[in-house]
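Below, each chain spelled out in residue letters.
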Amino acid sequence: MTGLHVQVKTEEQIAAEQAWYGSEKVWLVHKEGFSLATVVKTDPGALPEGKVKIRLEHDGAVLDVDEDDIEKANPPPYDRSEDLASLLYLNESSVMNCLRQRYGGNLIHTYAGPNTVVINPLSMPSMYSEKVMHMFKGCRREDMAPHIYSVAQSAYRNLLTTRQDQSIVLLGKSGTGKTTNCQHLVQYLVSIAGSTGKIFSAEKWQAVYTILEAFGNSSTAMNTNASRFSHVVSLDFDQAGQVSSASIQTMLLEKLRVSRRPDSESTFNVFYFLLAGADSSLRTELHLNHVAENSTFGILPQTKPEDKQRSSQQFTKLQAAMKVLGISTEEQRALWLILGGIYHLGAAGATKDGDQAGRRQFARHEWAQKAAYLLGCTLEELSSAIFKHHAKGLQHNTSFRGGADDMGQGDGSGSKITALECLEAMASGLYSELFTLVISLINRALKSSQHSLCSLLIVDTPGFQNPKVSQLKRGATFEELCHNYTQERLQTLFHERTFTQELDRYKEENIELALDDIECTPSVSVAAVDQASTQALVRTLSRTDEARGLLWLLEEEAVQPGGSEETMLERLFSYYGSTQGVGKGGNLLLRGDKPHAFLLGHSHGTDWVEYNAQGWLSHAKHNPAAQNAASLLQDSQKKSISGLFMSRSCGATVLSGSIAGLEGSSQLALRRATSMRKTFTTGVAAVKKKSLCIQIKLQVDALIDMVRRSKVHFIHCLLPKSEAVTGAADPRVSHGESPDAGLMTLDVGLLRAQLRGSKLLDALRIYRQGYPDHMVFSEFRRRFDVLAPHLTKKHGRHYIVTDEKRAVEELLESLELEKSTYHMGLSRVFFRAGTLSRLEEQRDLQTRRNISLFQAACRGYLARQAFKKRKIQDLAIRCIQKNIKKNKGVKGWPWWKLFTTVRPLIEVQLTEEQIRGKDEEIQQLKQKVEKVEKERNELRLNTDRLESRITELSSELADERNTGESASQLLETETGERLRLEKDMKDLQAKFDQTKKQMESMEMEVMEARLIRASELNGELDDDDSGGEWRLKYERAIREIEFTKKRLQQELEDKMEVEQQGKRQLERRITDLQADNEEAQRNIQQLKKKAQKLTSELQDTKLHLEGQQGRNHDLEKKQRKFDSELSLAQEEASRERTFRDKLAREKDMLTGEAFSLRQQLEDKDLEVCAVNLKLDQLEAELLDLNSQESKDEASLAKVKKQLRDLEAKVKDQEEELDEQAGTIQMLEQAKLRLEMEMERLRQTHSKEIESKDDEVEEIRQSCSKKLKQMEVQLEEEYDEKQKVLKERREMESKLLTAQDQVRGGDLETEKRLRKDLKRTKALLADAQIMLDHIKNNAPSKREIAQLKNQLEESEFTCAAAVKARKSMEVEIEDLHVQIEDMSKTKQSLEEQLSRLQREKNDIQSRMEEDQEDLNELMKKHKAAVSQSAQNLNQISDLQAQLEDALKEKQEVQEKIQALQSQLEFQEQSMVDKSLVSRQEAKIRELETKLEFERTQVKRLESLVARLKENMEKLTEERDQRSSSEIREKEQNKRLQRQIRDIKEETAELAKKEAEASRKKHELEMDIESLEAANQSLQADLKLAFKRIGDLQAAIEDEMESDDNEDLINSLQDMVTKYQKRKNKTQGDSDTDSEVEDRVDGVKSWLSKNKNSAKNLSDDGSLKSSSPTSGRRFLFDRSDDEEEEEKETGSLYSRYNYRRSSYLREEDEDREETTA
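What counts, and at which threshold
- Position numbers for residues start from 1 in each chain and track the written sequence from start to end.
- In view of the model being predicted, local features appear only for residues whose pLDDT reaches at least 70, and side-chain atom pairs are presented and counted only at 80 or more, with totals across whole chains, interfaces and linings using the full set of residues.
- Values reported for side chains reflect all heavy atoms of the structure, with hydrogen atoms and water molecules removed beforehand.
- Stacked, edge-to-face and tilted labels apply to pairs of Phe, Tyr and Trp rings (six-membered ring for Trp) whose centres lie within 6.5 Å, assigned for plane angles under 30 degrees, over 60, and everything in between, in that order.
- Put simply, DSSP H or I for four residues or longer makes a helix, DSSP E for two residues or longer makes a strand, and each gets a number counted from the N terminus.
- Whether a charge sits over a ring comes down to the Lys NZ or Arg CZ being within 6 Å of the ring centre and within 35 degrees of the ring normal.
- Orientation is described by lines fitted to C-alpha atoms, with helices fitted over the stretch in contact, and by angles between N-to-C directions that extend from 0 to 180 degrees.
- Note that the term roughly parallel is reserved for angles under 35 degrees, roughly antiparallel for angles over 145, roughly perpendicular for angles of 65 to 115, and oblique for everything else.
- Helix crossings are classified by the rotation of the near helix relative to the far one: an anticlockwise turn of less than a right angle makes the crossing left-handed, while a clockwise turn makes it right-handed.
- Should any heavy atoms of two residues lie within 4.5 Å, those residues are counted as being in contact.
- We define a salt bridge as a contact between a side-chain nitrogen of Lys or Arg and a carboxyl oxygen of Asp or Glu at a distance within 4 Å.
- Partly exposed describes any residue whose relative accessible area lies between the buried limit of under 20% and the exposed limit of over 50%, with all areas from a 1.4 Å probe on protein chains only and scaled to the type maximum.
- We call two strands paired when DSSP finds no fewer than two bridges between them.
- Grouping buried Ala, Val, Leu, Ile, Met, Phe, Trp, Tyr and Cys residues that are joined through side-chain atoms within 4.5 Å yields what is termed a nonpolar core.
- What makes a patch is a set of residues exposed beyond 30% relative accessible area and free of salt bridges, joined within 9 Å when like-charged and within 5 Å when nonpolar (Val, Leu, Ile, Met, Phe, Trp, Tyr).
- Surface accessibility in these figures is a Shrake-Rupley result with a 1.4 Å probe; residues are shielded only by whichever protein chains are displayed.
- For the purpose of counting charges, residues Lys and Arg are taken to be positive, whereas Asp and Glu are taken to be negative. His and the chain ends are not included.
- Charged side chains are reduced to one point each, which is NZ for Lys, CZ for Arg, CG for Asp and CD for Glu.

Asks: Give a description of the packing of aromatic side chains that names residues and reports values.
Replies: Aromatic rings in a pair are described by how distant their centres are and how their planes are angled relative to each other. Enumeration over the complete set of coordinates arrives at 20 aromatic pairs. A ring pair is formed by Phe 229 and Phe 435, whose centres lie 5.2 Å apart and whose planes are at 65°; its orientation type is edge-to-face. Here Phe 435 lies in helix H14 (residues 419-446) and Phe 229 lies in the loop between strand E10 (226-227) and strand E11 (230-237), a separation of 206 residues in the sequence. Taken together, the ring pairs in this structure connect Tyr 128, Phe 136, Tyr 149 and Tyr 188 into an aromatic cluster. The positively charged end of Arg 141 is found above the aromatic ring belonging to Tyr 111, 4.0 Å away from the centroid. Above the ring of Tyr 373, the side-chain terminus of Lys 638 is found at 4.4 Å from the ring centroid.

Asks: I'd like to hear about the environment of Met 706, residue by residue, with values.
Replies: By the element assignment, Met 706 lies in helix H24 (residues 692-708). Between the alpha carbons of Met 706 and Leu 457 there is a distance of 9.0 Å; along the sequence they are 249 residues apart.

Asks: Tell me about the packing of helix H10 (residues 329-348) against helix H11 (residues 365-375), and name the residues and values.
Replies: Close contact between H10 and H11 brings their axes to 8 Å; oriented N to C, the two are set at 165°. Viewed along their axes, H10 and H11 adopt a mutual orientation that is roughly antiparallel. H10 and H11 meet at a crossing whose hand is left-handed. Contacts from Leu 337, Ile 338, Gly 340, Gly 341, His 344, Leu 345, Ala 347 and Ala 348 of H10 reach H11 at Trp 367, Ala 368, Lys 370, Ala 371, Leu 374 and Leu 375.

Asks: An account of the pattern of salt bridges is needed here, citing residue identities and associated values.
Replies: Two side chains with opposite charge may pair up if their charged atoms get near one another. Overall, the coordinates contain 39 salt bridges when judged by the stated rule. Salt-bridge contacts for Glu 480 lead to Arg 474; the nearest nitrogen and oxygen are separated by 3.2 Å. Of the residues examined, Glu 480 reaches a relative accessible area of 6% and is grouped as buried. You can call Arg 474 partly exposed: its relative accessible area is 23%. One network of salt bridges, in which partners are shared, links Arg 228, Glu 254, Arg 257, Glu 265, Arg 474 and Glu 480.

Asks: Tell me what's going on with the pairing of strand E19 (residues 711-718), and back it up with residues and numbers.
Replies: Taken across its 8 residues, E19 has 7 buried, putting it largely inside the fold. In the sheet, strand E7 (residues 115-119) pairs with E19 via 4 bridges, with the strands oriented parallel. When the bridges of E19 are listed, Val 117 appears paired with His 716. In this sheet, E19 lies alongside strand E8 (residues 166-172) in parallel orientation, the contact comprising 7 bridges.

Asks: Please provide a residue-by-residue account of the pairing of E11, values included.
Replies: Among the 8 residues that make up E11, 8 are buried, leaving the element largely enclosed by the rest of the structure. The two faces of E11 match: Ser 230, Val 232, Ser 234 and Asp 236 on one face and His 231, Val 233, Leu 235 and Phe 237 on the other face are all buried. Both E11 and strand E12 (residues 243-251) contribute to a ladder of 8 bridges, which runs antiparallel. In the strand pairing of E12, Ser 234 is matched with Ser 247. Between E11 and E12, which pair antiparallel and follow one another directly, the connecting turn spans 5 residues, one of which, Gly 241, has a positive phi of 85°. Across 7 bridges, the pairing between E11 and strand E13 (residues 454-460) is antiparallel. In the strand pairing of E13, Val 233 is matched with Ile 458.

Asks: Any details on the sheet that holds strand E20 (residues 773-776)? Residues and values, ideally.
Replies: What the 3 strands build is an open sheet, ordered E20-E22-E21; its pairing is antiparallel. Whereas interior strands pair on both sides, the edge strands pair on one side only; in this sheet they are E20 and strand E21 (822-824). Taken pair by pair, the neighbouring strands of this sheet meet at an average axis angle of 20°, ignoring direction. The pairing of E20 with strand E22 (residues 828-831) spans 4 bridges and is antiparallel. Among the inter-strand pairings, Val 776 is bridged to a residue of E22, identified as Arg 828.

Asks: Can you explain the environment of Leu 550? Please cite residues and give values.
Replies: Looking at the element boundaries, Leu 550 is found in helix H17 (residues 550-559). Residue Leu 550 is classed as buried on the basis of its relative accessible area, which comes to 1%. The sequence separation of Leu 550 and Cys 693 amounts to 143 residues, and the corresponding C-alpha distance is 9.2 Å. Setting aside its immediate chain neighbours within four residues, Leu 550 contacts Leu 481, Ala 528, Val 529, Met 568, Leu 572, Phe 598 and Trp 616.

Asks: Would you mind going over the nonpolar core in detail, with residue names and values included?
Replies: Grouped together as the largest cluster of nonpolar side chains are 144 residues, with contacts concentrated most on Trp 205, Phe 215 and Trp 336. Per-element accounting of this core gives the leading share, 17 residues, to H14. Apart from residues no more than four positions distant in its own chain, Trp 205 is found in contact with Val 186, Val 190, Phe 200, Val 233, Leu 235, Ala 246, Ile 248 and Leu 446. Judged by nonpolar contacts, the second largest core, of 54 residues, contains Tyr 485, Val 529, Phe 598 and Ile 659.

Asks: Outline a positive patch on the surface, listing residues and values.
Replies: On the surface, Lys 1533, Arg 1534, Arg 1537 and Arg 1540 cluster together into a positively charged patch. By secondary structure assignment, the location of Arg 1537 is in helix H38 (residues 1473-1597).

Asks: Please set out unusual backbone geometry residue by residue, giving values where relevant.
Replies: With a phi close to 55°, Leu 252 is a non-glycine residue in the positive phi region. Here Leu 252 lies in the loop between E12 and helix H7 (269-277). Its identity as a non-glycine residue notwithstanding, His 287 has a phi of 60°, on the positive side. Locating His 287 in the fold gives a position in the loop between helix H8 (280-286) and helix H9 (305-324).

Asks: Give me the sheet that holds strand E3 (residues 51-56): which residues, what numbers.
Replies: Where strands meet in a sheet, backbone hydrogen bonds hold them as pairs that are either parallel or antiparallel. Strand order in this open sheet of 5 strands is E4-E3-E2-E1-E5, and the pairing throughout is antiparallel. Two strands lie at the open edges of the sheet, namely strand E4 (62-66) and strand E5 (70-72), each paired on one side alone. Here the average twist between neighbouring strands, direction ignored, is 50°. With 3 bridges connecting them, strand E1 (residues 25-30) and E5 associate as antiparallel partners. Of the residues in E5, the one forming a bridge with Leu 28 is Ile 70.

Asks: Before we move on, can you summarise a nonpolar patch on the surface with the specific residues and values?
Replies: A cluster of nonpolar side chains, contributed by Trp 895, Leu 898, Val 902 and Ile 906, occupies part of the molecular surface with about 460 Å² of accessible area. Looking at where Val 902 falls in the secondary structure, it is placed in helix H32 (residues 894-1022).

Asks: Any chance you could break down a negative patch on the surface for me, citing the residues and the numbers?
Replies: Taken together, the side chains of Asp 1212, Glu 1214, Glu 1215, Glu 1216, Asp 1218 and Glu 1219 define an acidic patch exposed on the protein surface. Looking at where Asp 1212 falls in the secondary structure, it is placed in helix H34 (residues 1193-1302). Assessed through its relative accessible area of 42%, Asp 1212 is described here as partly exposed.

Listed below in structure tokens is the structure:
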């Protein structure tokens, strides 16, 4: 179910739903529709049983209604649900409310599980465009809104993925828009799929439907443009998914509509189009200039001007459509001639009962002469074909092979067929042949010889016809019965696919599914029409008592002598109907009030149609005039007509005169044709295929068989209101609801009847409760193992398993699906609705990810190969450069020149020989290739020819096999019938012999009696005495006989009176029992309805519970994911903490290094200062030396030498100084770099700590929010449990009362009710067990406890994250700096935002100006385009004129040549000169005309060139404007993106600023609390060490005892911990110094006592490093910090215990010494 996967609801949504559930909204079902109401709470016993008090929403009225009259309402979010299967409560009122709400919002399409519901909008909405088509292209069904395009896309997607044929079947009443939707389906498929070479365009298909509507549609009482034939559009697709070929098959054409139809209905549209739109030449050719005043066929021109204008436009459109499909002018002319001939036949008419001579003939011969002329025959031939072949036709009545030859002779009036019937048969035959020809021409334009892979069929049939819906008084006709029968068969197919196959599949796979009250198929009404008897193949004239359908009865009555409609109806009622006309009950066939009328219940008895069977036998009788129509057209003297029909007669384009459009050379077309032929050549069909009535059944059988071979998609088209068809007043409005002007209204009663007839609610219920999606184990594993890569890695990609079921179970477990969403069968896995689509979505995502990775790998490989290629190219270029350099060096050498001159001459001969050999090889290879290609082409042609021959032979073989089977079956049945008749004959002969013997014996007795009588008379005459004695005996015997007669008569009368009394008593008892039975049946029906209602509500509750479980499962998955993410976050936080400690240590090390470098730098500075002082002294000495001029040269040289030495030393010092300066600079740079790195690390860590804090806060908030949601869900589950318990109690009470009521009834009813009670109790027990299981398991409580623990841990982590004092102070300072930076950044961003806003306003103003300019340019462009279109039209007209002129030019030239030849002949023959001069004048005149035409041609060419230049300029200007508009849009988008980014940054900075201020305040509070805790700990520590000092002396004396080792270890551990703490905190207060002194004292004391303790112990048990003590007191750094306070307390308690024990021992020692 699609509603199982629901997102987590917000608190507002949960509150709204709780308010809705608390108010308990229901629908009140009444005659006019349904109304929203609220159940009013009442005290128990305040209302009668079965009554409920409600308050209507629209007026507040409070009513007491039956429980059966209310249905649960869905919450408001479900009012416009896209899928009816997703409704929370599935009932009739909720479905109709959803459809009404969507229809009011112009949403006419709605999903109904796998099917689609379309309500005809009665107007053309703007939802069918090319833009909308591309919105659905490539989408999956789950991603598409309900639309007719979504059905086409789903079928096309299934066709591509499964490579299986698809079918789309449209069901519904007449006028629901089935043909329009069929056009939209074809248009979408052709536009989206495309075609090979673009041979199928939308324009071509529009032309196809224009022709079909003209020749096959007419105006009826139900629809102004109703289809009067059924057709199947077959689209064949190739391997690439493109349309490779197409065809149309038609059947059940209502051809008799040409000549006879109900009142107020018209004939086919094409006649009105022709009469209104034919031009003068065509009218003259068809003799339509004078229209007949009356017509036998009722074909008269339209009288209203607007109708004439519309028809004229349609005729022009029809001619253009024929031109698009390649139907030539000559072929069109043939069509118009036949239509004209039919019209003139109607105008000619026929004599009513023949003339005085008894001949059948035309009533008006002049119109018959026109018809004969148009059809290409003589009047005698036409009259003979219509009226004079019946004796020949009547000879075929002895044949029982088919009804087509079984011409009716059983009519009440005899076998004579009237002249009018002959004329109507000829007209219908002509139109049937014409329609078949039109279909052939259409298929000729659509067919293709390309290879096809699979097909998509679109089935469109006329809808249900019921004259009462249109408020007509007449009964339905035979044609309407045929169309209704077709719809019933399609509805049966829907029932079979939706219910029967699903239930059979569940049964095969051992899946238990509780589905009650699935009603039977509409097979009863179908059987009343087409059920065949087992003796259908027997050649007999006797009427048997075996049940058979209406079509078979018509065929039999047409053959039987004296057959009539009355006998046919009597037999039909004896088989299927009820003799009483009251009550529709379970019978779907009832007698009508009028003669020849009967009622048939269609759509499961929801649509009762009254049929009038008057004249139906004529449909079963064969009229030879209909067959003569084809031969008349083939033998026509007009070549255009005879050529078309002679060429069509060569191919089998029509099947038994029924199904047209079997053309096609593709494999799929041949397969379809073979399938249909098989339907007509198997079993009964082989014998009865020529029967006119049985042909109807066979056509529908062929259609159903063709559709059944594919996957079917059903579209239910619904009629919104009957007034839309009949043009009545306002539609009905539901009781208490005012019609909204903005809401498109619906006829609720009509909608309810259509929903009940289509069984959509039952289909939705089985879709929701069952497992509609299923896959074979191996296919499921192969398709979805990509979602479990660990299984693929474990077993390999193409691993073969022995147990597919186990492998699929492992895969499903790894996918973590809810158990209730799938079920494992024996050979396949079944899924709830929506589950498989979610898996497909996950698979698409994973496949996309894998493809992206594969693309990345491929691109990396290609890049590496390209890089390797570049390296090779670089090496080659370098090699070439090197060789060129070498060549430059040696090209001037004489020997090199000689070598380069001689070398080619040496290789010339070798090269020529090689070239010659290669040429020969090439020629040989070319010859081989040509030979192979030729052989391949020949083989391909032979293969194609053989394949076509094989298909033909296989079809012929199948036909022959089927014919043989039918013949053998016929032979067997006839043999059985002959044996039966022989046996009957023997029995009759025996009876005859016995009767003959009895007759002879009786004759002997009569003779004896006569002889005795004669002897008695003779004896009376002879002897009176003896005669008197005999006379007395005789009289006595007579008196005894009379007495016996009277006595027996009296006894008989007494017995009769007693029997009559008993009969009357039995009749009274029977009537009482019947009344009781009817009452019990009514009660049972009510109880069934109640049980069905309760069962459906229980199923809805169960599905809702499954949805809640699925939601809980999703929450558990999210919780597990959240737990894993939380653990990862905690691990990352611990890693960050360790990393921060490591960085702190590195910082200390770097600080020490910086300090040492600073010291070295100061030393180097001092050295530089000393060197500078020494340099100054040397300079002063040098000056002194220069001033002493009196010194000699030796001293001067000595001084110079010293000076040079000093200069060298100075240089050395300078070099050392430079080195020192470089070292100092490097150290300063290193120091600066370290400081920058430290600053960066500090900032990054502060940011990371802030982000972690934010994450922890978000986690805490999300946990609290989830806690609230889980609590709310627990409350909802508790409420649902209470509801279920309440419903259980109510159900038990109702069932108990029902049991009491029915207890007096029959035992079967009681047993059935007990079974229902047990089943209901079992269901309720299962629900109770499930609820108890949910309550006991309480996954939500466990999750709450886990979430609370996680919340406490996160709060503890938050508390532990703020312990270090100095790090807090540093963070506070950093936060101050960040706040200042953020404020500055915020100001700058605000300034930038205002500047960008101004720029945006300027750009918008400029864009508006540019848009206005663009609009003006577009207007100009449109005007120019329209002008160019007009110019193009003018150009085309001028080109046509030019072609005509060229033709005239050629004709003139031919005339000139002829005249010249005549002129030469005249000159030779010395004819009159005046004639020659006239001819010359004519020649000159023609030459001037020719010159004028040439100038006209040149002028037109210049005009064309100028128009082309204008078009090019306009296109350039349009491109420039569009490019400028695109640039402006891109700039605007870029600016908007910048503004949005700046706004987001500003918001983030504001958030960070607020968060920083809050953290600053929290840190300050934490610092204050930590300082107070530190002071208290310091005071406690001082007191502890003071006590330690007091106890040191006492403890020294007791060191020998073993028990003091723990005290020593504890003191030592405490000292080490204090040392660690000191190293960490580095406190420098006075109190710390005192404590340190005391600690030093403790250390010295422990060191002295440790040595003594070692000497006292030999086994090491008193060592301070013992394992137990070390295990007990050695912890990590973090553990010492966390448990310091606890250990200090325990240490204090241990000290007090030791001290008290020590003092007690001292007191005891003192007491002993004093004693």
